[in-house]
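Summary of structural features
Spelled out, the chains give:
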Amino acid sequence: MSVALHQHPRAHPVGEVLLSVENVSLSFGGVNALTDVSFDVREHEVRAIIGPNGAGKSSMLNVLNGVYHPQKGTIRLRGKSFHDMVSHEAAAMGIARTFQNIALFKGMTVLDNILTGRNLKMRSNFLQQALWWGPARREELVHRHAVEEVIDFLEIQHVRKTPVGRLPYGLQKRVELARALAAEPKILLLDEPMAGMNLEEKQDMCRFILDVNDHYGTTIVLIEHDMGVVMDISDRVVVLDYGRKIGDGTPEEIRGNQAVIDAYLGVTH
Amino acid sequence: MATRVGPSSALDTLDTFPKLLLHHAKARGDRPAIREKDLGIWQTWTWKRFADEVRALACGLAEQGLKRGDHLALVCDNRPRLYAMLCATQCLGAVPVALYQDSAAAEMTFPIQNAEITHALAEDQEQVDKLLEILPQCPKLRHIYYDDPRGMRHYKQPELMAYERLIELGRASFRRDPAFIEGEIAKGVADDPAAMFFTSGTTGVPKGVVLTHHALIDRSRAAAEFEGLTDRDVVLAYLPPAWIGQNIFSYAQPFVTGYCICCPESAETVMVDMREIGPSYYFAPPRVLENLLTQVSIRMEDAGAVKRWLYRVFMNLAQRVGGALLDGQSVGPLDRLLYAIGDFIIYAPLRNVLGMGRVRVAYTAGEAIGPDLFKFYRSIGINLKQLYGSTETSVFVCIQPNGQVKADTVGPAVPGVELKFTPQRELLIRSPGLFKEYYKNPQATLEAKDAEGWFRTGDAGYVDPDGHLKIIDRVKDVGALADGTLFAPKYLENKLKFFPYIQEAVAFGDKREEVCAFINIDMEAVGNWAERRNMPYSGYVDLATRDEVNELLRECVEKVNADLAQEPELANSQIHRFLTLHKALDADDEELTRTRKVRRGFIAEKYATLIDALYSGKESVHIEAKVRYEDGRTGSISADLKIRGAKTFPPAAAKKAA
């Protein structure tokens, strides 16, 4: 697979540290899911978290997202630290995510699913919305427009009104990405966006992830199994193994890192 | 012809498309001209808006150096901007050349070099990339405009310019000198070339067919009058603009009558868009109609038992009386009543699902249509008719008139057209719609069109007692079996292709003892058939080589044989052996033309070993084949293809077996 990332100067060059994870430890009872993990994510970059099964990747994402609260350590967003952040607060701060096993409303149409991504941006109250009156109506037009732009961006016009449950897997993943994008996030967390996809779907997904990063300047943190994909599209990679960080750097550095090779990659090629 | 006194009187003659545009902008300025679905909502350009866009665009193109007689390539899907560019080019007396968007870059080289194209409109990054790739071979191509700016930010090539920028240039120029463009339009005359189309060419290199304003306008008007089209009609513009028919139905005819065309959002949304728009005038090649019917059949097979029963009962009724009702023939009162009930519960909803609820006139052409497929649409009340024509004749040669539709003919000649035949049964045509020439190819022009203006179609046929034209096959394809009886391969292939499970077929038999055939499965239909039988398969190759599938196909072939046995002239053409190909025949592999016609000679050469195997009586044959993907890369697949024999019928025993 060849998806060249930085052929051109980027519209949004990688900037300051946006999110930093400092000495985070997380345990469930006696199981240490994460032990003393530190890394940072810079603005506008594509940051991958990799590791073998059970390395703590999804736990890490859940910590960033406010689903889990680490027993030790700090997470700073733009230098401001957060304790016991809950997920809706994370969303309000501009963190959106997708899930490893798709979490969409299966019986709802693609359009309605993506519209739910705009939920936090809706200002009119329940009654106004129910009556579709005044500000609610104007607001809905704005949201529908935003959703249509995302639909256009991800090229899913043909399934706009199809219930999500009837779509093939690859498209459902794309709809989930669309919903996350509709929230206009600063940071997008993608939990195995390419799991279970065939080569063509993976290539499409890679292109969309890069397009999102390029077009909207969204900072992307992704977990992925497929090494080829990770090495092609990420700026920097964090490697976890048994809840500890064993590597951190550019894809080239990771390829040459002996600890990583031993734990995961096998031989360099 | 009117003498030209001054610009104003020249503009009133309405003998070119730009003049027609200005006329509509005045006569029906607020009526819709083009609609496009953008961000989920249909947006409308009125004729006035359309004319404004074209004026500005033409000024922009003039600023960029496009001159009378130059050629401009259009590599773009159906968008209002494509049609504006087309007309703007004509305003300046230059000639638009639409190219197929799905062509590989290398295929575009020939037309661009041949027509010495200097300007091009590309739809998006993908098309721009293709044009940039062949730029070194096409030094005359100096300007590439692009419609969709997505992904284009990093491109710094001096040849590139966004459509938006071009039209801005044009608007500024128009403000400086508003009279310029009307002067240019007034210079245009009926015999100027209006457009050039590269014929797909089942053999040899493509030829650029040059059509004048007069030819296109005359034929469009004749057909519009024949069908009584008005400015209230609506058309969905969904076929490739590089194809003459698309130009006729979505450009020439709307310019003549003032009706509105609608551009779908994308190729995948055509079905949905069609239902929303409800076109009143519709064209579909048989292939599209076949796909629609396949989809309907698949969905019906998945429906509940009661619905399936209702569908079967009423479709049988429709088969019996639907066509007769449409033709206005007499039908008994009971059948009329039943049909009315069927219309309420089955036919009308079905027409609605197909997006044909408001269709007044529908055409099909391009290839022969299976009689059962044709009857299906007519029986549910859709006025589907066949027409006959080609790029060289500005399409309209024959049209079936309302009420006189026969499945196996293409109707009588449209007013203005003369037909005659050579002793070899080849059809010759003389018509005001004939092409001017093949571009820079006087040799080919001379071969195709004689001094008296008769055009050799290459089709074999005859006129039946009612004056309707019947086409049998291409003259060069009609052959003879070793025993001297008639062999018309396309006739057999069409019969095979009517089965939903068979997507494509190629029959061989010229100068041979017996007929053999290649068959392509229809992935969707056979896949569905397999799934319902809980038959696992891993992909196309696996499915195509399965015994069960080949058994299914054998039944289809035998039904065709039984059919053929009843036609005395063709009874010897029954198919003795066949094999199922491991891959779908594809235009990317040059096996089909871009309009998806079988390239017989090429296939016979490429698969010579398979043909030998068919005739040598082997049980199976191993094949390793290269495939070319859409992006130009190649890969290879291999498979063991099984060869099946099929039962043939002596002419007398045919009835029983069928």
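What you are looking at is a predicted structure, and each value in this text was computed from that prediction instead of being measured.

What follows concerns the overall build of chain B. If you tally the helices and strands in chain B, you get 23 helices and 27 strands. Relative to a compact globule of 658 residues, whose C-alpha radius of gyration would be 26 Å, chain B shows 26 Å and is just as compact. The principal-axis extent of the C-alpha atoms belonging to chain B is close to 80 × 60 × 55 Å. Buried residues in chain B amount to 56% of all 658 residues. Counting only contacts in chain B whose residues sit at least 6 apart along the sequence, the fraction spanning at least 24 positions is 65%. Accessible surface computed for chain B: about 27,800 Å², of which carbon and sulfur atoms make up 52%. Looking at charge distribution, chain B has the averaged site of its 81 positive side-chain charges lying 3 Å from that of its 88 negative ones.

Once that is clear, we can look at the overall build of chain A. Secondary structure assignment for chain A yields ten helices and ten strands. Its C-alpha atoms give chain A a radius of gyration of 19 Å, near enough to 18 Å, the size a compact globule of 269 residues would have. With the C-alpha coordinates aligned to their principal axes, the bounding extent of chain A is approximately 60 × 40 × 35 Å. Looking at chain A as a whole, 49% of its 269 residues qualify as buried.

So, about the interface of chain A and chain B. Contact with chain A, which involves 16 residues of that partner, is made by ten residues of chain B. Interface area, chain A with chain B, both sides summed: about 1,100 Å², of which 49% is carbon and sulfur. Inspection of the region where chain A meets chain B yields four salt bridges. Elements with a minimum of two residues in the side of chain A that touches chain B: helix H5 (135–153) and helix H7 (199–216) of chain A. Ranked by residues supplied to the side of chain A that touches chain B, first place goes to H5 of chain A with five residues. Its residues assigned to classes, the side of chain A that touches chain B shows four nonpolar, four polar and eight charged.

Attention shifts here to the sheet that holds strand S16 (residues 418–421) of chain B. Residue and element names in this part refer to chain B. Pairing is antiparallel in the open sheet, where four strands are placed in the order S16-S17-S19-S20. Taken across any chain shown, the strands that pair with only one partner, and hence form the sheet edges, are S16 and strand S20 (469–474). Sheet twist, expressed as the mean angle between neighbouring strand axes with direction ignored, is 50°.

Formed by 133 residues in total, the largest nonpolar core has its most connected members in Phe50, Tyr282, Met356, Tyr377 and Phe396 of chain B. With nine residues, the top contributor of residues to this core is helix H3 (residues 47–63) of chain B. Counting contributing residues per domain, this core is built from domain 1 (7–282) and domain 2 (391–435 + 448–476) of chain B, each supplying no fewer than three. Ranked by size, the runner-up nonpolar core spans 47 residues in total, among them Ile156, Ala180, Ala182 and Ile254 of chain A.

With that settled, consider the packing of helix H12 (residues 286–301) of chain B against helix H18 (residues 523–532) of chain B. All names here are of chain B. The N-to-C vectors of H12 and H18 enclose an angle of 10°; their axes lie 10 Å apart at closest approach. The angle between H12 and H18 falls in the class roughly parallel. Taken together, the residues of H18 that come into contact with H12 (itself represented by Thr294, Gln295, Ile298 and Glu301) are Glu524, Ala525, Asn528 and Arg532.

By the element assignment, Asp477 of chain B lies in the loop between S20 and strand S21 (479–480). Not counting residues up to four positions away in its chain, the partners in contact with Asp477 of chain B are Phe487, Pro489 and Arg600 of chain B.

Take the side chain of Ser394 of chain B next. Residues and elements named next belong to chain B. Structurally, the position occupied by Ser394 is in the loop between strand S14 (384–388) and strand S15 (398–399). Given a relative accessible area of 0%, Ser394 falls into the buried group. Here Gly433 takes part through its backbone oxygen, which lies 2.7 Å from a polar atom of the side chain of Ser394. Discounting chain neighbours no more than four positions away, the residues touching Ser394 are Leu211, Ala215, Leu216, Arg219, Ile248 and Gly433.

Summed over all chains, the structure comprises 68 salt bridges over all chains. Between Asp547 of chain B and Arg644 of chain B there is a salt bridge whose closest N-O contact spans 3.0 Å. Taken as a pair, Asp547 of chain B in helix H20 (residues 547–565) and Arg644 of chain B in strand S27 (residues 634–645) lie far apart in primary sequence, 97 residues in all. Judged by its relative accessible area of 16%, Arg644 of chain B is buried. Here the salt bridges share partners, and the residues they tie into one network are Asp40, Glu45, Arg47, Arg236, Lys245 and Asp248 of chain A.

Cut-off values and rules
- Residues numbered from 1 in each chain as written.
- Chains lettered and ligands numbered in written order.
- Predicted model: local features only at pLDDT ≥ 70, side-chain atom pairs only at ≥ 80, totals over all residues.
- Heavy atoms only, no water.
- Helix = DSSP H or I, 4+ residues; strand = E, 2+ residues; numbered from the N terminus.
- Rg over C-alpha atoms; globule rule 2.2 N^0.38 Å.
- Buried < 20%, exposed > 50% of the residue type's maximum accessible area, 1.4 Å probe, protein only.
- Contact = heavy atoms within 4.5 Å.
- Areas by Shrake-Rupley, 256 points an atom, 1.4 Å probe, with all protein chains shown as cover.
- Lys, Arg positive; Asp, Glu negative; His and termini not counted.
- Charge placed at Lys NZ, Arg CZ, Asp CG, Glu CD.
- Buried area = accessible area lost by both parts, 1.4 Å probe.
- Salt bridge = Lys/Arg side-chain N within 4 Å of Asp/Glu carboxyl O.
- Nonpolar A, V, L, I, M, F, W, Y, C, P; charged D, E, K, R; others polar.
- Pairing = 2+ DSSP bridges.
- Axes fitted to C-alpha atoms, helices over the stretch in contact; angles between N-to-C directions.
- Core = buried A, V, L, I, M, F, W, Y, C linked by side-chain atoms within 4.5 Å.
- Domains from an automatic or database assignment.
- Parallel < 35°, antiparallel > 145°, perpendicular 65-115°, else oblique.
- Polar contact = N/O pair within 3.5 Å; in protein donor to acceptor, adjacent residues only side chain to side chain.

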